[in-house]
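# Commentary on secondary and tertiary structure
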Amino acid sequence: MNGRPAPLACVGEVIANGLVSSAFHRLDIALDRVFTFQPGQFVMINEPGPLAWTFSRPFSVLAADDRIVSILYRVVGRGTQAMAGLAPGRPVSVLGPLGEPFPAPVDGQTTVLLGGGVGLPPVYAWWQRWGLDGDVACFGARDGGEVPWGLLGGPWRISVDSPGCVPAGRQATTGVVTSLVDRDDALRGGERTVLLACGPQPLLRAAADLARRRGWRCLVSLEEHMGCGYGVCKGCVVRVADGDTVRNATCCHDGPVFDAARLPDLAAEAGGADAGGAKA
Amino acid sequence: MNRPAWWRLEANEPFRLGPRMLPGRVWTASGCFGYGLQAHEFTTANGASPYAGLGAVVTKTVTPLPREGNPMPRLVETACGALNSIGLENVGFAAFLETVLPELEARGVPTIVSLAATTPEDFGPMARRLHERAAGFAHWHGVELNLSCPNVAEGGHDFGSSPATVARCVAAARAELPDRALLAKLTPNTADIAQLAASAREAGVDAVSAINTVVGLDVDLRTGQPYLPRRFGGYSGAAILPIALAKVDQIARGAGVPVVGVGGIATVEDALKFFALGAVAVQVGTAQMRDPFAAARIAAALGQWSSS
Ligand SMILES: Cc1cc2nc3c(=O)[nH]c(=O)nc-3n(C[C@H](O)[C@H](O)[C@H](O)COP(=O)(O)OP(=O)(O)OC[C@H]3O[C@@H](n4cnc5c(N)ncnc54)[C@H](O)[C@@H]3O)c2cc1C
Ligand SMILES: Cc1cc2nc3c(=O)[nH]c(=O)nc-3n(C[C@H](O)[C@H](O)[C@H](O)COP(=O)(O)O)c2cc1C
Ligand code: FES
C-alpha cells in the first residue's frame, strides 16, 4: 500500500469525450495538477456541485499524460449515460488515483495480460508502462466493432465472440480470450510467468483456471459496487482468504487487484471450459 | 451564500456539550467516514486536510464483538439518495479500543465513538473500558449510542424505538462516562421521536443526534426482487433532508435536549437549515462518501462567518 501515488480530489475539465469503438467511449479530463497513477488504479468520477450523483462512479485509469487523465467506459446506466453527454469544457470531479495497482514486473518475469470488454484499461495501462517483447497482451470483445483498434497496436492478440467488422490488415480470433494464450506453447512451463486479468467474472475464472493449470501467478482486478471508493463505507467488500480464514476486504482500498489464489469465488471448480467470453 | 442575518454561532469555536468542550459544530456522521483514519491520504496532494475544522469525526459504529456485516450488494443508489445495508461491519470494540482510538488520538482527530449493542446493559462495560483506557486522551470527546441501525435484526426487535429501552441504554453508559459528552442517535422510523429524545434526556444524555437512516426498499426490475439481499436498507442522502429537518424540529421544540442534525447535508445551505431550527451541531454522512472534503468545506464556510 505504501508507494501508491497520493490521490487528488479535484474538479477537472472535459477536453475530449467520444466513441473509440462501437461500444467504448474515451473521456480525457484536464486537471489543475499533474496526475500520476499505477496501472490498475482507478478514479471516482462525478458531476461537481448540485448535479452530483449520490455516489461517484469508479473507472480504471486508461492513461495519464501530465495533467490529463483518461478513462474508457461503456454506457450501462444513468451515470455513464450522463457521462456520454459531457461536452468539452464541462467540469468533472475526479477523486484518485485510488486502490491497489497491478504490481510492476520483476526481472525475468514474463507477463500475460488478459483484458475483456471494459476490463481493458488496467491491462492496457500496464502494457503501455512496462510491456516488453516477451510479454503477451490479449483483449477479448463481443465483436470486431467493439474493439478499440486504434488503441491496440500490432502486438495485441484479439479475440471476439463473433467477428463483426475487423479492419483490413488486423486479425481477430473467434473464441474466448483465454484461448489466445492457452494454445501458445511458447508460454508453457514458466513459473516466472504472471497473469494479469481484468474483465467480467467468467473471464477472471477462466484466467485463474489457466494460471492454476500452468503454475503461473495470477492477479485479477475485481469490480464491485462502490459507495466511496476510498475505504470508508464498507459498501464494496469481497471475500478474501487470509491463511485458513476467509474475511472481508474492501474492493476499493485493499483491491481492486487481488491474488486470484486468495479469492474463493475464483476457486478451482468454478472455471468451466467454455468460460472466458468478454461479456462485460 | 451570504451570511444570514440570524446567524449567531461560532462554528469553528469550541462549545460546551455536557461535561466536554467540543472543538466545532460540523462533524462527520458514523459509517460514512470509516474510523476517521482513511482520508489522511488526501492531505498530501491537495494541500488541505479533510479533517480541517471538523468538530468531530463520529467513528463507524463498533459492537462488543467484531461483525462481518451483511451480504453484498450493500448499496443501491436511488433518485436523490441511496439505500445501504452494510450490517454494521466493524472490527469489534476491543480492536477499536487498542488500535484505532490511540491512532486517532495520535493524529489529533477529534473523535466521538459510536457504539451499538444488542442489550442495553452491554453499553455500560464498553463505556467503562473507554473511560479506563482513554480518560487521558485529549481528542476523544464523547460517545454516540447508535440506538437506531435498521440493518441489524438481532434479537428480533428494534430497541431504538422504545422510550424505556432508550432510557436503559443511556443510563448504562452515563453511569460510566463522567467527563465525556454522551449522545444518543435516534431512529426516524418511529411515531414520536420527541418522546424518544425526552426519555434519553431524562436518562442523562447531553444531546441527541437525529436522524439515522430511513427504512427503505428498492426493487430490481430484472428479477422482480428487492435489490438488497436483506430486502430493506437505510435510506440516506439528499432525499431525507426534509425528513431530518422535521424530526430535528420536533425534538428541538418538544424535548428540551440539545440536538445534532444529521440527514441529507451536502452544502452549507443544508447545514444552515438545521442550525436555523436550533441544532447545536450537524453531521455530514452520505455526501462525505463522494467527497472526503465535504464536511471540511462546510466547516470552513461557516467558520468564515463566525470570525467576521
Ligand atoms: C474498480 C472498478 C473499475 C472500473 N473500471 C471501469 C472502466 O474502466 N470502464 C467502465 O466502463 N466501467 C468500469 N467499471 C464499472 C463502472 O463503474 C460501472 O459501469 C458504472 O459505475 C455504471 O454506472 P451507471 O450509473 O451507468 O450504471 P447504473 O447501473 O445505473 O449504476 C447504479 C449504481 O451501480 C453501480 N454500478 C453499476 N455497475 C457497476 C459495476 N459493473 N461495477 C461497480 N459498480 C457498478 C454504480 O456505480 C452506481 O452506484 C469499474 C468498476 C470498478 C469497481
Ligand atoms: C454507508 C452508510 C453506513 C452507515 N453506518 C452507520 C453506522 O455504522 N452507525 C450509525 O449510527 N449510522 C450509520 N449510518 C447513518 C449515517 O450516519 C446518517 O445518520 C444517515 O446516513 C443520514 O445522514 P446522511 O443523509 O448525511 O447520510 C450509515 C449511513 C450510510 C450511508
Ligand atoms: S466503496 Fe466504500 S469502502 Fe469501498
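Residues numbered from 1 in each chain as written. Chains lettered and ligands numbered in written order. Predicted model: local features only at pLDDT ≥ 70, side-chain atom pairs only at ≥ 80, totals over all residues. Heavy atoms only, no water.

## Structural notes on the overall build of chain B
The number of helices and strands found in chain B is nine helices and 16 strands. Taken against the 2.2 N^0.38 rule, which gives 19 Å for 308 residues, the C-alpha radius of gyration of chain B at 18 Å falls within 12% of a compact globule. In terms of principal-axis extent, the alpha carbons of chain B reach across some 55 × 45 × 45 Å. Across the 308 residues in chain B, those meeting the buried criterion constitute 59%. (Helix = DSSP H or I, 4+ residues; strand = E, 2+ residues; numbered from the N terminus. Rg over C-alpha atoms; globule rule 2.2 N^0.38 Å. Buried < 20%, exposed > 50% of the residue type's maximum accessible area, 1.4 Å probe, protein only.)

## What about the sheet that holds strand E1 (residues 8–19) of chain A?
Residues and elements named next belong to chain A. Here we have six strands rolled up into a closed barrel, ordered E1-E2-E5-E4-E3-E6, and antiparallel in their pairing. In this sheet, adjacent strand axes meet at a mean angle of 45 degrees when their direction is disregarded. Pairing between strand E4 (residues 57–65) and strand E5 (residues 68–74): four bridges, direction antiparallel. Residue pairing in the sheet places Ala63 in a bridge with Ser70 of E5. On the sheet, helix H2 (residues 120–130) packs against E4 and E5 and is oriented at approximately 20 degrees with respect to E4. (Pairing = 2+ DSSP bridges. Axes fitted to C-alpha atoms, helices over the stretch in contact; angles between N-to-C directions. Contact = heavy atoms within 4.5 Å.)

## A closer look at the site of ligand 1
Residue and element names in this part refer to chain A. Arg57, Pro58, Gly79, Thr80 and Glu223 are the nearest of the 19 residues found near ligand 1. Ser60 places a main-chain nitrogen or oxygen 3.0 Å from a nitrogen atom of ligand 1. The contact in question runs from a nitrogen atom of ligand 1 to an N or O atom on the side chain of Glu223, over 2.6 Å. Burial of ligand 1 by the protein amounts to 85% of the accessible area it has alone, namely 820 Å². More than half of the atoms belonging to ligand 1 lie within 2 Å of the grid points that define the largest pocket. The set of elements that each furnish at least two residues to the shell around ligand 1 consists of E4, E5 and helix H1 (78–84). (Near = heavy atom within 4 Å. Polar contact = N/O pair within 3.5 Å; in protein donor to acceptor, adjacent residues only side chain to side chain. Areas by Shrake-Rupley, 256 points an atom, 1.4 Å probe, with all protein chains shown as cover. 1 Å grid on protein atoms, 1.4 Å probe; cavity = no way out; pocket = protein on both sides within 12 Å on 5 of 7 lines; lining within 4 Å. Sits in = over half its atoms within 2 Å of the grid points.)

## Quick notes on the environment of Ala172 of chain A
Among the structural elements, Ala172 of chain A can be located in the loop between strand E9 (157–162) and strand E10 (173–174). Ignoring any residue separated from it by four or fewer positions in sequence, one finds Ala172 of chain A in contact with Trp149, Ile158, Val160 and Val166 of chain A.

## What about the nonpolar core?
Leu115, Phe123, Leu145, Val208, Ile251 and Leu302 of chain B are the most contacted members of the largest nonpolar core, which has 124 residues in total. There are two domains that each give this core at least three residues, and those are domain 1 (8–98) and domain 2 (110–266) of chain A. If we skip the residues at most four places from it in the chain, Leu302 of chain B touches Trp7, Ala11, Val26, Val268, Leu272 and Phe275 of chain B. Formed by 26 residues, the second largest nonpolar core is a distinct cluster that contains Leu72, Val123, Phe139 and Ile158 of chain A. (Core = buried A, V, L, I, M, F, W, Y, C linked by side-chain atoms within 4.5 Å. Domains from an automatic or database assignment.)

## Comments concerning the site of ligand 2
All names here are of chain B. Taken together, 22 residues lie near ligand 2, and Ser30, Thr61, Lys185, Gly264 and Thr286 sit nearest. Side-chain polar atom of Thr286 to an oxygen atom of ligand 2: 2.6 Å apart, as the coordinates give it. In the complex, the protein chains occlude 98% of the 600 Å² of accessible area that ligand 2 would expose alone. Tallied by class, residues from the shell around ligand 2 come to seven nonpolar, 13 polar and two charged. (Nonpolar A, V, L, I, M, F, W, Y, C, P; charged D, E, K, R; others polar.)

## Some words on unusual backbone geometry
When glycine is set aside, most residues are seen to have a negative phi, and most peptide bonds are trans. Cis geometry is found at the peptide bond from Gly96 of chain A to Pro97 of chain A, where omega equals 10 degrees. Looking at the secondary structure, you find Pro97 of chain A in strand E6 (residues 91–98). Following Ala210 of chain B, the chain continues into Ile211 of chain B via a peptide bond in cis, with omega recorded as 15 degrees. Relative to the helices and strands, Ile211 of chain B resides in the loop between strand E10 (207–210) and strand E11 (214–216). The phi dihedral of Lys234 of chain A falls on the positive side, at around 60 degrees, and the residue is not glycine.

## Comments concerning the sheet that holds E10 of chain B
All names here are of chain B. With parallel pairing, the eight strands of this closed barrel are ordered in space as E3-E4-E7-E8-E9-E10-E15-E16. Pairs of neighbouring strands in the sheet enclose a mean axial angle of 25 degrees, with direction left out of account. Docked against the sheet, helix H6 (residues 241–254) engages E10 and strand E15 (259–262), running at close to 175 degrees with respect to E15.

## Quick word on the packing of aromatic side chains
Tallying each qualifying case throughout the model produces twelve aromatic pairs over all chains. Ring centres of Phe59 of chain A and Tyr73 of chain A lie 6.2 Å apart, and the angle between their planes is 70 degrees; on these two criteria the pair is classed as edge-to-face. Of the two residues, Phe59 of chain A sits in strand E4 while Tyr73 of chain A sits in strand E5, which places them 14 residues apart along the sequence. With centroids separated by 6.1 Å and ring planes inclined at 65 degrees, the aromatic side chains of Trp127 of chain A and Trp156 of chain A adopt a geometry described as edge-to-face. Here the residue Trp127 of chain A occupies a position in helix H2, and Trp156 of chain A occupies one in the loop between strand E8 (136–143) and E9, the gap between them amounting to 29 residues. Taken together, the aromatic side chains of Tyr230 of chain A together with Phe33, Phe42 and Tyr51 of chain B make up a single cluster linked through ring pairs. Its guanidinium or amino end placed over the ring of Phe37 of chain A, Arg129 of chain A lies 4.9 Å from that ring's centre, counting from NZ or CZ. (Phe/Tyr/Trp six-rings, centres within 6.5 Å; stacked < 30°, edge-to-face > 60°. Lys NZ or Arg CZ within 6 Å of the ring centre and 35° of its normal.)

## Here we look at empty space enclosed by the protein
This model, assessed by the stated rule, comprises one cavity of 30 Å³ or more. Computed from the structure, the largest cavity encloses a volume of approximately 40 Å³. For the largest cavity, the full set of lining residues is Val232 and Lys234 of chain A together with Gly34, Tyr35, Gln38, Lys60 and Glu89 of chain B. In the lining of the largest cavity, the residues fall into two nonpolar, two polar and three charged. (Points joined across faces, edges and corners; volume = space filled by probe spheres on them.)

## With respect to the pairing of strand E8 (residues 140–146) of chain B
All names here are of chain B. With seven of seven residues buried, E8 lies mostly within the body of the structure. Inspection of the sheet shows strand E7 (residues 111–115) paired to E8 by five bridges, in the parallel sense. Residue Ile112 lies in a different strand from E8, and its bridge partner there is Gly142. Taken together, E7, helix H3 (residues 123–134) and E8 form a β-α-β motif whose crossover is right-handed. Summarising the sheet, E8 and strand E9 (residues 181–185) pair through five bridges and their orientation is parallel. Within E9, the position partnered with Gly142 by the bridge is Ala181. (Right-handed = clockwise from strand over helix to strand, strands pointing away.)

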